[in-house]
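# Structure at a glance
Okay, here's what each chain looks like letter by letter:
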Amino acid sequence: MHFRPWLTQWSWTAITLLGMAMVLLYVPMACLLVVAFKWLIIGRFRAGEYPLWGFYYYRFWAVKKLVEAAPTQLLSATPFLALFYRLLGANIGKGVYLGSNRLMCFDLLTLGDGASIAREACLLGYRVERDRLIIGPTHVGRDGYVGLRAIMEGNTSLGDGSELDDLSVLPAGRQVPGGEGWLGSPAQRVRAVGPAPIRPAAPGPGYLLAQLAAIALMLLVPTVASLPILGLLYESIERFTPESSLLTLIPLSALYVLLLMGTLAGTKRLVAGRQANGTIPLYSLAYVRHWVADAVLAQSLTLLRSLYATIYTPYWLRMLGANIGHRAEVSTLNHISAEHLTVGPGSFLADSVSVGAPRVQHGLVSILPTLVGPRTFVGNGAVLAGGTVLGTNNLIGALSSAPTTTPPDNTSWVGSPAFLLPNRPVSQSFAPELTFAPPARLVWARSLIELLKIVLPITFTFVTFAVLYHYCHWHLQHYPFWSSVGVGTAAFVGLIFGFSILTALLKWILIGRYRPSEKPLWSSFVWRNELVNSLCESYVYPFWEAPLLGTPFATWFFQLMGSHFGRSVYMDTTEITEFDLAWVADHAVLNNGSTIQTHLFEDRVMKMSNLRIGRYATVGTSSVVLYDSVIGPGATLKSLSLLMKGEQLPAGTRWQGIPSAFISGGH
């Protein structure tokens, strides 16, 4: 790998400036390419029903993949995301706040002036059922509010000034009149909403420049952290052979983690500063600082995902300003406001939890502290709104919201809105030494295994791109440019496929076959399981699975890992962990963001068991299916629903809710 003849023609300053310019141009160029290809491939999205795997569907799929690949996360919660979506065909009014990038079918999307779409809100405008792609319009009126992780399906409308609360779903065909607040799954009217205050002024040039500078900064942070790694790798290649230099990528990956942690934490402290509780104007420098603080966490969840759900996570969150108690467990969160979060000793925040997200409405950002008391468990996909206070030994169930007032100690809650779950059985199968009070030898053992969990996925990524560069560099010296492009693409796919196969091999070596069982948190099985999941989530899913979701090939990797999938399954999710325990029949549908939850971690015990999804059954958008459950042939679990442990949905029936309830007329 001969760098020096090329590098000597440029000064290091020129090379650095060129690299920075390329990084900064990435966002606008990528977005403009997506816009161009959208109009070329599909033109306008049109309402209707289309055959799955048909010509229109694949045009839809291609545009969807391009939009998902666009760098919308960096534009989220800024006015520039609305600009991008307008170019894609959406009808978006003035002063609209977009905290979510889960939007699609843009030509059928209307957001009135002053509307607010909270984080993780879902306005996709499509769903898949029984081998049909169903597309419909979505309308949010002037000053309408769609809450955190709320869903509006196609053919829905939210009237002027109305509110769809957090963790609520407006099913297809429902229309909410103006001035009403709706809550639940499915959402129902719970209150009247008063008139909106005077709409704030449009964003000024000073704010827009500051927001652009903040976006540029968050683009450059990972680049700055990677520069020492590239320099050290360059020196290694110059001193040794390229092949032997690949061995240095293991310690260099560990160094990259430390450098990126330091760079992100330093950016947060120097630029965002301390974030006070209270209310700030949306279009202000104070909001830009708040946005940077949230962007730091978002960057870490993307680039340092393998760091989460480890013994090191609390230390990282403390660096960002969170107050995390002794032996608290924090998994792969969707969002937290770090400086406004207090987690008591021994508490457990499971996967995909959203904690303390600010409420943005009418041009104001409301930031409130969130307190999770000692030994409290917050389940997968749960939502704790800003201002939530939980007591000691509370449990908030999967896909549930917290009670609006502080619940009594030692109580369990489930649902949206939350209700008391009486007589929950508590696991006492294992001694405290394996759950809450591990001895030093287990702490050290876990620390070492989880170092590998953090570093190995990043090493896979570094090796992939290092080998790809070396091969393309050699090929360009001997063959024409376009030949090298084709061969390089094939090499890239081959490398990703190879590391995906290696991940599957490691699963069978480290775990074998998953079986119904219970394992304590402080056991090697749990740590080995997390290592395998880390390789999947941080390497295989983004590089291999993400482009295949929504195609008949999406299930191949999961079958390799031990899952059973029938023919012609539509799969638009990667939320499967204990692979051998999932059984999905022919023509089943797993919609966007649905979760096949074959385990829970209540009481710090990993409880695993089987679940079955029948032929032509449908799991709706963002729904959760818990273990020991069965969805019968042709049954439908609609969007944002929770199928509880041990429940069975009869064939041909329709269910919705948290927890799910029968919908009449479902046959």
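First things first, this report covers the structure right here in the doc.

Here is what the cut-offs are and how they apply
Residues numbered from 1 in each chain as written. Predicted model: local features only at pLDDT ≥ 70, side-chain atom pairs only at ≥ 80, totals over all residues. Heavy atoms only, no water. Helix = DSSP H or I, 4+ residues; strand = E, 2+ residues; numbered from the N terminus. Buried < 20%, exposed > 50% of the residue type's maximum accessible area, 1.4 Å probe, protein only. Contact = heavy atoms within 4.5 Å. Pairing = 2+ DSSP bridges. Axes fitted to C-alpha atoms, helices over the stretch in contact; angles between N-to-C directions. Parallel < 35°, antiparallel > 145°, perpendicular 65-115°, else oblique. Left-handed = near helix turned anticlockwise from the far one by under 90°. Nonpolar A, V, L, I, M, F, W, Y, C, P; charged D, E, K, R; others polar. Core = buried A, V, L, I, M, F, W, Y, C linked by side-chain atoms within 4.5 Å. Disulfide = S-S within 2.5 Å. Patch = residues over 30% accessible without salt bridge, like charges linked within 9 Å, V, L, I, M, F, W, Y side chains within 5 Å. Areas by Shrake-Rupley, 256 points an atom, 1.4 Å probe, with all protein chains shown as cover. Salt bridge = Lys/Arg side-chain N within 4 Å of Asp/Glu carboxyl O. Expected span 1.5 Å × (residues − 1). Bend = angle between axes of the 7 residues up to and from the residue. Phe/Tyr/Trp six-rings, centres within 6.5 Å; stacked < 30°, edge-to-face > 60°. Lys NZ or Arg CZ within 6 Å of the ring centre and 35° of its normal. Polar contact = N/O pair within 3.5 Å; in protein donor to acceptor, adjacent residues only side chain to side chain.

Let us now look at the overall build of the chain. Along the backbone of the chain there are 14 helices and 51 strands. Its C-alpha atoms give the chain principal-axis dimensions of roughly 70 × 60 × 50 Å. Burial status across the chain gives 58% buried among its 667 residues. Pairs at least 24 apart in sequence give 51% of the contacts found in the chain among residues at least 6 apart.

On to the sheet that holds strand β35 (residues 564–565). Spatially, β35-β38-β43-β46-β49 is the arrangement adopted by the five strands of the open sheet, whose pairing is parallel. Of all strands in the sheet, those with a lone pairing partner are β35 and β49 (648–649), marking the two edges.

Further remarks concern the environment of W556. With respect to the secondary-structure elements, W556 resides in helix α14 (residues 556–560). The exposure class assigned to W556 is exposed, which follows from its relative accessible area of 52%. In sequence terms W556 and N610 are 54 residues apart; their C-alpha atoms lie 20 Å from each other.

Closest axis-to-axis distance for the helix α11 (residues 440–476)/helix α13 (residues 524–548) pair is 9 Å, and the angle between their directions is 20 degrees. By the criterion of interaxial angle, the relationship of α11 to α13 is roughly parallel. Once α11 is placed against α13, the crossing between them reads as right-handed. The residue makeup of the contact of α11 with α13, split by class, is 13 nonpolar, four polar and four charged.

It is worth spelling out the nonpolar core at this point. What tends to happen in soluble globular proteins is that the nonpolar side chains get buried as a cluster. The biggest cluster of nonpolar side chains holds 198 residues, and the ones touching the most others in it are F60 and L111. With sequence-adjacent residues up to four places away left out, F60 is seen in contact with I42, F45, M104, C105, Y126, L133 and I135.

Here we come to the state of the cysteines. Summed over all chains, the structure comprises zero disulfides. The closest cysteine sulfur to the non-disulfide-bonded C31 is located on C105, 19 Å from its own sulfur.

Looking now at a nonpolar patch on the surface. Taken together, L25, M29, L32, L83 and L87 make up a surface patch of nonpolar side chains, about 480 Å² in accessible area. Within the residue set of the nonpolar patch, elements represented by two or more residues are α2 (12–41) and α5 (79–87). In terms of residue count, α2 provides more of the nonpolar patch than any other element does, three residues in total. Residue placement: L32 occurs in helix α2.

Burial along strand β27 (residues 364–367) is one-sided: V365 and I367 are buried, while L364 and S366, pointing the other way, are not. Judged from the four bridges that link them, strand β19 (residues 278–281) and β27 form a sheet pairing that is antiparallel. Each residue of the ladder has a partner; that of I280, found in β27, is V365. Both strand β26 (residues 359–361) and β27 contribute to a ladder of three bridges, which runs antiparallel. The residue of β27 that forms the bridge with Q361 is L364. What sits between the antiparallel neighbours β26 and β27 is a turn of two residues, in which H362 has the positive phi angle 55 degrees.

This part covers the environment of R612. Mapped onto the elements, R612 comes out in strand β43 (residues 611–613). Since its relative accessible area comes to 39%, R612 is described here as partly exposed. Each C-alpha atom, one on R612 and one on P432, is 33 Å from the other, the two residues being 180 residues apart in sequence. Dropping the residues within four chain positions of it, R612 is found in contact with W583, S629, V630 and I631.

For helix α6 (residues 205–239), which comprises 35 residues, the first-to-last C-alpha distance of 51 Å matches the rise-based estimate of 51 Å (1.5 Å per residue) to within 8%. Of all the bends in α6, the greatest, near 30 degrees, is centred on S226, and the proline P228 appears no more than four residues after it.

Scanning the model with the defined rule gives 34 aromatic pairs in all. Note on W53 and Y57: the rings are 5.6 Å apart at their centroids and 85 degrees apart in plane angle, and the pair reads as edge-to-face. Site record: aromatic cluster; members linked through ring pairs are F45, W53, Y57, Y58, F60, W61, F84, Y85, F106, Y126 and Y570. Between K38 and the ring centre of W39, over which it is positioned, the NZ or CZ distance is 3.6 Å.

Here the focus is the pattern of salt bridges. As enumerated under the stated definition, the model contains 27 salt bridges in all. Here R132 makes a salt bridge to E49, at a shortest N to O gap of 3.9 Å. Of this pair, R132 sits in strand β9 (residues 132–135) while E49 sits in strand β1 (residues 48–51), and the two are 83 residues apart along the sequence. Taking relative accessible area as the criterion, E49 reaches 49% and is therefore assigned partly exposed. Its salt-bridge partner being D603, residue K607 comes within 3.6 Å of it at the nearest N-O pair. What makes D603 buried here is its relative accessible area of 17%.

Both faces of strand β8 (residues 126–129) are covered, namely the face carrying Y126 and V128 and the face carrying R127 and E129. Turn length for the β8-β9 hairpin, with the two strands adjacent in sequence and antiparallel, is two residues, and the turn residue R130 shows positive phi of about 45 degrees.

Here we come to the side chain of S563. Inspection of the secondary structure assignment puts S563 in the loop between α14 and β35. Within the structure, S563 has its side chain in polar contact with the backbone oxygen of F579 (distance 2.7 Å). Each residue touching S563, except ones within four places of it in the same chain, is listed here: F558, I576, F579, D580 and A582.

As far as function goes, none of this settles anything; it's purely spatial.
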